[in-house]
Amino acid sequence: MPVHERNRQLAELFRSIAELLAAQRANPYRIRAYRRGADALLALDEDVAQVAQRNALEEIDGSGSELSQKIEEFLRTGKIMTLETLRVP
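Residues numbered from 1 in each chain as written. Predicted model: local features only at pLDDT ≥ 70, side-chain atom pairs only at ≥ 80, totals over all residues. Heavy atoms only, no water.

1. What to know about the packing of aromatic side chains
Counting across every chain of the model gives 1 aromatic pair. Ring geometry for Phe14 versus Tyr34: centroids 5.5 Å apart, planes at 75°, classification edge-to-face. Residue Phe14 is found in helix 1 (residues 5-23), and its partner Tyr34 is found in helix 2 (residues 28-43); the two are separated by 20 residues along the sequence. (Phe/Tyr/Trp six-rings, centres within 6.5 Å; stacked < 30°, edge-to-face > 60°. Helix = DSSP H or I, 4+ residues; strand = E, 2+ residues; numbered from the N terminus.)

2. Side note on the pattern of salt bridges
The full count for this structure, using the stated rule, is 8 salt bridges. Across the pair Arg6 and Asp47 runs a salt bridge whose closest N-O atoms are separated by 3.0 Å. Of this pair, Arg6 sits in helix 1 while Asp47 is found in the loop between helix 2 and helix 3 (48-53), placing the two residues 41 residues apart along the sequence. Residue Asp47 is classed as buried on the basis of its relative accessible area of 14%. In this structure, the salt-bridge partner of Arg35 is Glu19, at a minimum N-O distance of 2.9 Å. One end of the pair, Arg35, is in helix 2; the other, Glu19, is in helix 1, with 16 residues separating them in the sequence. A single network of salt bridges, built from pairs that share partners, joins Glu5, Arg8 and Glu12. (Salt bridge = Lys/Arg side-chain N within 4 Å of Asp/Glu carboxyl O. Buried < 20%, exposed > 50% of the residue type's maximum accessible area, 1.4 Å probe, protein only.)

3. Side note on the confidence of the model for the protein chain
A residue-level look at the protein chain finds 97% of positions with pLDDT of 70 or above and a mean pLDDT of 92. Per-residue pLDDT, averaged within each element of the protein chain, yields its smallest value for helix 5 (residues 81-87) (91) and its largest for helix 1 (96). (pLDDT = per-residue confidence, 0-100.)

Here's what the structure looks like:
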């Protein structure tokens, strides 16, 4: 089954956040959460926007309130400010 494009985009963003956090030696649990979130998005068999419409983002495996907020931000704006902030040298 093909991965939905939006899920793939979000998974890539989550992986980028995880890599930047790892480079900064951030909390390993936070890094792992972003990586697990990316994996969960790729494993999802429906578009994450449909999950959001049902207010069921936190039901995605490994997606707590922080990742759910990031997903909603992406669906609303097309980007995640945390990533933008981490990219600034």
